[in-house]
Every structure is written in C-alpha cells, then in structure tokens.
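A closer look at the structure
Chain by chain, the residues:
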Amino acid sequence: MWIGYSHADRLISYPHRHNLSGCSSPIHVDGSSDVLAPDSGGEQKRPSATGTFRPLLLPPVATENMPVRSNPPSQRILVPVGARVLPCALAAGSRYERGSMSLQMRLVHARKGLTPPALHTEEAAREMAAGAPQQHPMPERMRARFTATCEKGVTRVLPKQGLRSGGALIFLHGGAYLFPLVDGQWGIVEGLIDRTGLPVIIPDYPLAPEHTAAEAFDFVQPIIDEAQAEFGRVIIFGDSAGGGLALSLAMQRRDAGARQVDGLVLYAPWVDVTMTNPAIEEVQHRDKILRVPGLEWAGRAWAGDLDPADWRVSPLYGDPAGLPPMRIFQGDADILGPDTIDFARKAARAGVDVRARVEPDGFHVYVLSVPTIPEAEAALDHSARFISGILTQA
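These lines cover the structure that appears in this document, whether it is placed above or below. (Residues numbered from 1 in each chain as written. Predicted model: local features only at pLDDT ≥ 70, side-chain atom pairs only at ≥ 80, totals over all residues. Heavy atoms only, no water.)

Further remarks concern helix α5 (residues 213-231). Counted at 1.5 Å a residue, the expected span for α5 with its 19 residues is 27 Å, and the 26 Å between its end C-alpha atoms agrees. Every buried residue of α5 is accounted for by A213, A216, F217, V220, Q221, I223, I224, A227, Q228 and F231. Downstream of α5 by a residue or two, G232 has a phi angle that is positive, lying close to 95 degrees. (Helix = DSSP H or I, 4+ residues; strand = E, 2+ residues; numbered from the N terminus. Expected span 1.5 Å × (residues − 1). Buried < 20%, exposed > 50% of the residue type's maximum accessible area, 1.4 Å probe, protein only.)

Shown next, in the form of structure tokens:
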C-alpha cells in the first residue's frame, strides 16, 4: 500500500493493499500525493499489524475493529476488503479492486520458510556474529558494466557508461549491525545505478560486537561530508540496520548544524532495536526470517554504552522534524514493520516529506530479491524516480 496524506490534513491518496486475515486487497482512491502528513484525529496509537489503520476525515464507517467516526461526507472511505461497512459508507463513492502479492513473492517467501530463521536466539546471534564473513566484493556479473575501487574501508562503484553528474548515492548495508555487505545486497546497488546513473559509495562501517554505534557514526559522517564536497547532492539508501543507521546519521547532522543529506531511501529500516512493540507478536508467525531474541542481543551489542532506546540507536524515539524527504519500502510479513509504520506516521506529523509503501505478505527487505520479484523491481523504480526528482530540483 502507498500511504499518502496532504499537509492540509485532507485525505487525498491512499492506494492501499492491506493484509487482513490473509486476504490482500488494494483500494485505490482518486488523487495522488507524495506526502504522508499528520493524522488530525486524537491520540496516536501503534498500528495493528493485522490491520486497523485510522484514516483521516472519512465518512462514517464501522468495521469489527474500528468505531464509527463522523467526518465530512465528501471524502472517500478506506477500509480493508472483507471488513463490514455500513451502507452510508458505501455511498461515498470509493473504488475497490482486489489483488494479492505476486506468485514470485509467494514462492520466494515460501522457500525462506524451509531454512531456520536467522537470529532465533541470543546464542545463535553470537555464533553468527563470530563467524561473520568479510565484506563481499562486487559480483562477477557486474564487472563488465561497473568499476569498483576500495580504499580505507570505502568502496566506490561507478557505471562504465552513462555516469550521471550532480550527485551520488551512499549505501548503508543491513545485517543486524553484525554482518557486512553480502552478495545479495549488490542487487540493490546494481539496480539503482542502472536506473539513476549515479555512483554509489559503500562504507564498510564498524560492526558489533567488536565495535559500537558511536564508532560507526564517527566513521560514516566524514564520508558523507566528502561525498557532498565532491558530488554535490547526496542521497543515502539503506536496508534494515542500514536504514536505521541512515536515519540516525541524518538526525545527528540536523542537530549538529551540518549540511543535511538530500534524501533517504529506506528498505525495511530497523528503527527500534529494543524490539518492544506489542504488535510484533501479531506479525511474528508470518515472518519466516527474523526472530526477536537474536535481534535484541544485536541491538544491545550495537548500542554499547548507549541505551538501546537512545534515539541515536533507535531513531523511532528521536525527533524526526527537519529530516530530508524520504521514501520507505516495507513488507507486512516482517517483524520490523510495525515500528517502521510508527516512524513514518511520526515523521509525517512532524512535517517531513515521507511516503511509505507496504507490500502485502512482503518479507523482510523483499527488495533484495530483485530481479526475481516484481514488487522488488517496482520498489527500485519508485526509488529511482524519487532520486531523480531530487537531482532535478532547482
């Protein structure tokens, strides 16, 4: 689903593919927006992973989990297909279309269920961290079209043809802050260079448990400064832990009065390493990849002397005001999803230009399955359009 609201607190776009008891259903609403803006209604609560998102300014509508709300009748309703809707709501003129995840997404997700989930216990996380490999070099398949150089822990990847000037991308890889860049993550790098023509800078930042978040901050911030001085506009993209790190760095740059990055593209960002959101339990049985115990340990190891709930480690607890424009791509079969959606809402209320896309039954960082999964291809297409839009701004 795309979640989009205007800053006037008026619902203008919410193309919604929402999972409710295994039934996915896109709901398209006339109008469009690239902005997720503040919810104007009452106290904010964490969204249910099974799905009662409170839309804005809707006609009176009731479902099993949603009370009737009185709002201007000119607005269109947004409720999951299959929910019980009052006749007066249907008269509002909303348009429903039924759909589901792609066959490729379904097959890849099922295959992931054939292997034990990662980080299922603290002991397993410790063992995996102890056996973490070195950063994976650029795959052979890419070497005919790209050049890669590595110096002082920083890899630069450039296309041999079609290099675009005026900006650069910085990729902060995921891996629970325990693992370096792996082979599968190169697909995102390849896909975004192909779509944008921009060079990609990949910091091999320090990892837990040997190192902590503070050391990574000190390592990456100068790389951002250097990229801005050399290339001009800089957009950071990151998956999972790398997405959380990207948000933390942007918040720190804002507070320090440093030049801000021009945009953020986040794929299933890890925004709360405490893993204490009650909604996680509702998603856990559908997530075939991640488990809370190992992630909790990884988060503590990454935090070091900081509290795991410190906003520099868990950006969900920070103030998002003043952050650059961002796009978020999330699957709803991912235990990081509830916190990601909470962060998007919080950023929207703070006036940030943010838009989140949530894929039904999308697993953790489904974009890594590019080009196999069409939803992953679409995510990179959307990302590239967002990046190109930043570069063409006056």
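Attention shifts here to the packing of helix α3 (residues 122-130) against helix α8 (residues 292-303). For the pair α3 and α8, interaxial distance at closest approach is 7 Å and the crossing angle is 55 degrees. Taken together, α3 and α8 sit at an angle that is classed as oblique. Classified by chirality, the crossing of α8 by α3 is right-handed. Where α3 abuts α8, its residues E122, A125, R126 and A129 lie against P293, G294, W297 and R300. A breakdown of the residues in the contact of α3 with α8 according to their chemical character gives four nonpolar, one polar and three charged. (Axes fitted to C-alpha atoms, helices over the stretch in contact; angles between N-to-C directions. Parallel < 35°, antiparallel > 145°, perpendicular 65-115°, else oblique. Left-handed = near helix turned anticlockwise from the far one by under 90°. Contact = heavy atoms within 4.5 Å. Nonpolar A, V, L, I, M, F, W, Y, C, P; charged D, E, K, R; others polar.)

Now for the packing of aromatic side chains. Applying the stated criterion to the full structure yields five aromatic pairs. Summarising the aromatic geometry, the rings of Y205 and W302 are spaced 6.2 Å apart at their centres and angled 70 degrees between planes, so their arrangement reads as edge-to-face. Residue Y205 is located in the loop between β9 (200-203) and α5, and its partner W302 is located in helix α8; the two are separated by 97 residues in the primary sequence. Each member of the pair, Y205 together with W302, is buried. Members of the aromatic cluster, each reached through a chain of ring pairs, are Y177, Y205, W270 and W302. (Phe/Tyr/Trp six-rings, centres within 6.5 Å; stacked < 30°, edge-to-face > 60°.)

Once that is clear, we can look at the pattern of salt bridges. Opposite charge on two side chains permits them to pair, given that their charged atoms come into close proximity. Enumeration according to the criterion identifies 16 salt bridges in this entry. Residue E140 pairs with R143 through a salt bridge whose shortest N-O separation is 3.0 Å. Taking the relative accessible area as the measure of exposure, E140 reaches 59% and is therefore exposed. For R143, a relative accessible area of 38% translates into the label partly exposed. For R253, the salt bridge goes to D225, with nearest N and O atoms at 2.6 Å. Taken as a pair, R253 in helix α6 (residues 241-256) and D225 in helix α5 lie far apart in primary sequence, 28 residues in all. On the basis of relative accessible area, D225 is assigned to the partly exposed category, the value being 38%. Salt bridges linked by common partners bring R141, R145, E190 and D194 together as one network. (Salt bridge = Lys/Arg side-chain N within 4 Å of Asp/Glu carboxyl O.)

These results come straight from atomic positions and should not be treated as a statement about function.
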